[in-house]
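# Structure at a glance
Chain by chain, the residues run as shown.
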Amino acid sequence: MGESNRKVRSDKKKEVKPTISIQLKDTIYRISYITNSPVKDVAESLCIHGMASKKVLDVLSWNLRRTIRLDNTMYIGDIARSSLQRMGPVGECERISVRFKQIDFENLSTLAFGLSVTPSRATALLLDASIRDRDFINSYFEGYLNKQLDDRRMAELKSVLKYLNENNPYEEEISWGMLLSYIVEEIKDSASTVTESISAYIKKWK
């Protein structure tokens, strides 16, 4: 069979390589390290969340130049608004690779059309907006912990987090991400796995 006749897999993902700030890339890589997840998976999850989140889309909708519909919600555009295509991140930047399923890439393309930018630029905007959503970051880390720990350990860790927040002298609430990041930081130079480290951490509170 010739090269031109080779079938393309229906589940083949579409790769996009947005240019983002070093700070944003480092944050995505840190989430990847803490949760032991591939960087591409973390970036994809951020974008999918953003495209389904009214909170994130409401932020991006202020820059829409064309009216679009996403997830049964109509977002009104205004062609008088400036395009964000050339308004890239300030400072040092690097590319990151994100791979989308066809349906997600179609939604991304719709958003890009509304913003009058390329899919690559729309991805960069999504990553930046989604990573600032504390609800997503918190649920992402909590979801990871749920997969790693049995029900008993998860319940104990929730009790620890509740205690820390009830007795926290500072105004900022301690999130799942902050707690997990602290635990990983404590054992990053040891041979322990994240699961073993969490178990050891829980024992300290018994």
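Sequence order sets the numbering: in each chain, residues are counted from 1 along the sequence as written. A pLDDT threshold of at least 70 governs which residues receive local features in this predicted model, and a stricter bar of 80 or more applies before side-chain atom pairs are shown or counted, although totals over entire chains, interfaces and linings include all residues. Side-chain numbers here rest on the full set of heavy atoms in the structure, without hydrogens or water.

## A look at the overall build of the protein
Numbering goes from the N terminus for both helices and strands, where a helix is a DSSP run of H or I of at least four residues and a strand is a run of E of at least two. Scanning the protein from N- to C-terminus turns up nine helices and six strands. Between buried and exposed lies partly exposed: a residue is buried under 20% and exposed over 50% of the maximum accessible area for its type, with that area taken using a 1.4 Å probe on protein chains only. Buried positions account for 41% of the 206 residues belonging to the protein. The long-range share in the protein, meaning contacts at least 24 apart out of those at least 6 apart in sequence, stands at 68%. As presented, the protein carries roughly 12,600 Å² of accessible surface, and 49% of it is formed by carbon and sulfur atoms. It only takes one pair of heavy atoms within 4.5 Å for two residues to be counted as in contact. Here, Shrake-Rupley sampling with a 1.4 Å probe gives the accessible areas, and only protein chains in the shown set may cover a residue.

## A closer look at helix α7 (residues 151-166)
By this rule, a helix spans an expected 1.5 Å times one less than how many residues it contains. Here α7 contains 16 residues, and its C-alpha end-to-end distance of 22 Å stays within 8% of the 22 Å for a straight helix at 1.5 Å per residue. Among all positions of α7, only Met154, Leu157, Val160, Leu161 and Leu164 are buried. The buried residues of α7 occupy one face: seen down the axis, they fall within an arc of 115°. Those residues of α7 that are exposed and aimed more than 90 degrees away from the buried face are Asp151, Lys162 and Glu166. It is the directions from the helix axis to the C-beta atoms whose arc is reported.

## Overview of the packing of aromatic side chains
By convention, a stacked pair of Phe, Tyr or Trp rings (six-membered ring in the case of Trp) has centres within 6.5 Å and planes under 30 degrees apart, an edge-to-face pair has planes over 60 apart, and any other such pair is tilted. Counting across every chain of the model gives one aromatic pair. With a centroid separation of 5.6 Å and an interplanar angle of 40°, the aromatic rings of phenylalanine 136 and tyrosine 140 are classed as tilted. Residue phenylalanine 136 and its partner tyrosine 140 are located together in helix α6 (residues 134-148), separated by four residues, close to a single helical turn. Residue phenylalanine 136 is classed as buried on the basis of its relative accessible area, which comes to 8%. The ring centre of phenylalanine 113 lies 4.4 Å from the NZ or CZ of arginine 66, which sits over that ring. Both a distance and an angle decide whether a charge sits over a ring: NZ of Lys or CZ of Arg must be within 6 Å of the ring centre and within 35 degrees of the ring normal.

## A few points about the confidence of the model for the protein
Each residue gets a pLDDT score, which is the predictor's confidence in that residue and runs from 0 to 100. Here the protein shows a mean pLDDT of 83. Residues at 70 or above account for 86%. The model gives residues 1-5 a pLDDT under 50, and that stretch makes one contact with residues more than four places away or in other chains.

## Focus: the layout of surface pockets
Residues are said to line a cavity or pocket when one of their atoms sits within 4 Å of a point; the points come from a 1 Å grid over protein atoms alone, cavities being sets where a 1.4 Å probe fits but cannot get out and pockets being open sets with protein on both sides within 12 Å along at least five of seven lines. Grid points are joined across faces, edges and corners, and a volume is the space filled by probe spheres set on the points. Considering only enclosed or pocket space, the largest pocket measures out at about 230 Å³ in volume. Around the largest pocket, the lining is made up of 15 residues, and of these Ser21, Leu24, Pro89, Asp128 and Arg132 lie nearest the centre. In terms of residue count, the dominant contributor to the lining of the largest pocket is helix α5 (residues 119-131) (five residues). Gly is put with the polar residues, along with every residue not named as nonpolar or charged; the nonpolar set is Ala, Val, Leu, Ile, Met, Phe, Trp, Tyr, Cys and Pro, and the charged set is Asp, Glu, Lys and Arg. Its residues assigned to classes, the lining of the largest pocket comprises seven nonpolar, five polar and three charged.

## Concerning the pattern of salt bridges
Between side chains of opposite charge, pairing is possible as soon as their charged atoms come close. Any carboxyl oxygen of Asp or Glu within 4 Å of a side-chain nitrogen of Lys or Arg constitutes a salt bridge here. Throughout the structure, instances matching the rule amount to eight salt bridges. In this structure, glutamate 44 engages lysine 13 in a salt bridge whose closest nitrogen and oxygen atoms are separated by 3.0 Å. Residue glutamate 44 is located in helix α2 (residues 39-52), and its partner lysine 13 is located in the segment before β1 (14-16); the two are separated by 31 residues in the primary sequence. Within the structure, one salt-bridge network assembled from shared partners comprises Lys55, Asp133 and Asp135.

## Looking at the nonpolar core
Grouped together as the largest cluster of nonpolar side chains are 56 residues, with contacts concentrated most on Ile28, Leu111, Leu127, Leu145 and Leu157. By residue number, the principal contributor to this core is α5, which donates seven residues. Among buried residues, the Ala, Val, Leu, Ile, Met, Phe, Trp, Tyr and Cys ones that are joined through side-chain atoms within 4.5 Å form a nonpolar core.

## Observations regarding unusual backbone geometry
Despite not being glycine, asparagine 36 has its phi angle at roughly 55°, a positive value. Within the fold, asparagine 36 resides in the loop between α1 (22-35) and α2. Note on asparagine 36: relative accessible area 66%, which makes it exposed. One non-glycine residue with positive phi stands out, namely asparagine 72, at about 65°.

## Some points on α6
The end-to-end C-alpha distance of α6 is 21 Å, a good match for the 21 Å that 15 residues give at a rise of 1.5 Å each. Here a polar contact is recorded for every N or O atom pair within 3.5 Å, except that within protein the pair must consist of a potential hydrogen donor and a potential acceptor, and residues adjacent in sequence are included only if both atoms are side-chain atoms. Looking at where α6 begins, the residue whose side-chain oxygen comes 3.1 Å from the main-chain nitrogen of aspartate 135 is aspartate 133.

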